[in-house]
Amino acid sequence: MNVLVATDKPFAKIATDGIRKEIEAAGHTLSLLEKYTEKAQLLAAVKTADAIIIRSDLIDAEVLAAAPQLKIVVRAGAGYDNVDLAEATAHNVCVMNTPGQNANAVAELALGMMVMAARNLYNGTSGTELKGKKLGIHAYGNVGRNVARIAKGFGMEVYAYDAFCPKEVIEAEGVTAVTSAEELYQTCHIVSLHIPATAETKHSINRALVGRLPKGGILINTARKEVIDEDELIGLMEERPDLKYMTDVMPAANDTFSAKFSDRYFSTPKKMGAQTAEANINAGIAAARQIVGFFKDGITQFKVN
Ligand code: 3PG
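Cut-offs and rules
Residues numbered from 1 in each chain as written. Predicted model: local features only at pLDDT ≥ 70, side-chain atom pairs only at ≥ 80, totals over all residues. Heavy atoms only, no water. Phe/Tyr/Trp six-rings, centres within 6.5 Å; stacked < 30°, edge-to-face > 60°. Helix = DSSP H or I, 4+ residues; strand = E, 2+ residues; numbered from the N terminus. Buried < 20%, exposed > 50% of the residue type's maximum accessible area, 1.4 Å probe, protein only. Core = buried A, V, L, I, M, F, W, Y, C linked by side-chain atoms within 4.5 Å. Contact = heavy atoms within 4.5 Å. Expected span 1.5 Å × (residues − 1). Polar contact = N/O pair within 3.5 Å; in protein donor to acceptor, adjacent residues only side chain to side chain. Pairing = 2+ DSSP bridges. Axes fitted to C-alpha atoms, helices over the stretch in contact; angles between N-to-C directions.

Q: Got a sec to walk through the packing of aromatic side chains? Specific residues and values, please.
A: Scanning the model with the defined rule gives five aromatic pairs in all. Between Tyr245 and Phe257, the ring centres sit 5.7 Å apart and the planes meet at 45 degrees, which makes this aromatic pair tilted. Here Tyr245 is found in strand β11 (residues 244–247), whereas its partner Phe257 is found in helix α11 (residues 254–260), with 12 residues between them in sequence. Taking the relative accessible area as the measure of exposure, Tyr245 reaches 2% and is therefore buried. Seen from their ring centres, Tyr245 and Tyr265 are 6.1 Å apart, and the 35 degrees between their planes marks the pair as tilted. Linking Tyr245 in strand β11 with Tyr265 in strand β12 (residues 265–267), this pair joins segments that are 20 residues apart in sequence.

Q: Could you give an account of the nonpolar core, with specific residues and numbers?
A: Among the nonpolar cores identified, the biggest contains 32 residues, and Met114, Leu135, Ile137, Tyr140, Val147, Ile190 and Ile220 are the most heavily contacted of them. Those elements giving two or more residues to this core turn out to be α5 (103–118), β6 (134–138), α6 (142–153), β7 (157–161) and β10 (218–221). Per-element accounting of this core gives the leading share, 10 residues, to α5. With residues up to four places along the chain from it excluded, the contact list for Ile190 reads Met114, Leu130, Lys134, Leu135, Gly136, Met156, Ile218 and Ile220. Ranked by size, the runner-up nonpolar core spans 30 residues in total, among them Tyr159, Val191, Ile205 and Tyr245.

Q: Hey, could you go over α5 for me, with residue numbers and the actual values?
A: Look at α5: 23 Å from first C-alpha to last across 16 residues, which is about the 22 Å you get at 1.5 Å a residue. Turning to α5, its buried residues number three or more, namely Ala103, Ala105, Val106, Ala107, Ala110, Leu111, Met113, Met114, Met116, Ala117 and Ala118. Phi for Asn120, located one or two positions after α5, is positive at around 50 degrees.

Q: Kindly report on the side chain of Asn146, identifying the contributing residues and their values.
A: Turning to its location among the elements, Asn146 is positioned in helix α6. Given the relative accessible area of 17%, Asn146 is considered buried. A distance of 2.8 Å separates a polar atom in the side chain of Asn146 from the backbone oxygen of Asn142. Ignoring sequence-local partners within four residues, the contact set of Asn146 consists of Ala103, Asn104 and Ala107.

Q: Tell me about the sheet that holds strand β4 (residues 72–75), and please be specific about residues and values.
A: If you trace the five strands from one edge of the open sheet to the other, you get β2-β1-β3-β4-β5, paired in parallel fashion. At either end of the open sheet lies a strand with only one pairing partner, and these are β2 (29–34) and β5 (94–97). If you compare each strand with its neighbour and ignore which way they point, the axes differ by 20 degrees on average. Relative to β2, strand β1 (residues 2–7) runs parallel, the two being bridged by six bridges. In the strand pairing of β2, Asn2 is matched with Thr29. Packing of helix α1 (residues 13–25) onto the sheet brings it into contact with β1, β2 and β3 (51–54), and relative to β2 it is tilted by some 155 degrees.

Next up, the structure:
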């Protein structure tokens, strides 16, 4: 089978070497399309692909139509909002993710952004410490749990809200479960977002919710830009000069945020949460093994469509 790794943001070389080893040991061939600049390059590369490994790369109807041999797409990572699942199913293409494999990397970055915000973006002025502060984890999945683990090491009081995770599971890990997002935001000094981008969550992080943060509140977003109502957040930050927003997913309105709030807003230029050698190895090799298992034994454990 022909396996294509199509990554606009490439994995570390050690990870692609590992992927190649797994794929070739199983008798398949591997090709790489990295740092592509035009969709046409992806459309050409998928023509002969039986399997594709991607990151945040867009797999839409046009890409699926250009890939007549395609049987499986594995998103090396957690969020699969970049894949048109209905269209993949219509083409009989199995879509998987690799849950948890890059979670620690994203969680470490979330804590790094908290320190950056608490220390006033390292501008030389006196900041605050994380110790003793209340941290709210919005969605207690693989990343949220890792954030909780690390935050406890900082001496933070950790709270979480997750509509789908039972209270007992959260509390068994020494985290206080609250019963609504509203309660989380009004209780915590810092909220770290870990919700997926879905039709239900789109623009759900709005003025009414973020406005509940106490004075000096910090919002950390290592999730997706689509979950934020950017116009409302800009309006709220104009009214509340005490609020800070740190994001690893550049807003559509990045220029406005930067111009208006340069001393309390930061965005990475490109999503960096999962961009570590360890996360690339974990997620990339998991993706390769899932493809090998799918072709050899029909294993579909992490199928999402
Ligand atoms: C994920 O959903 O796994 C993270 O957002 C990481 O995305 P990336 O692989 O594009 O860095």
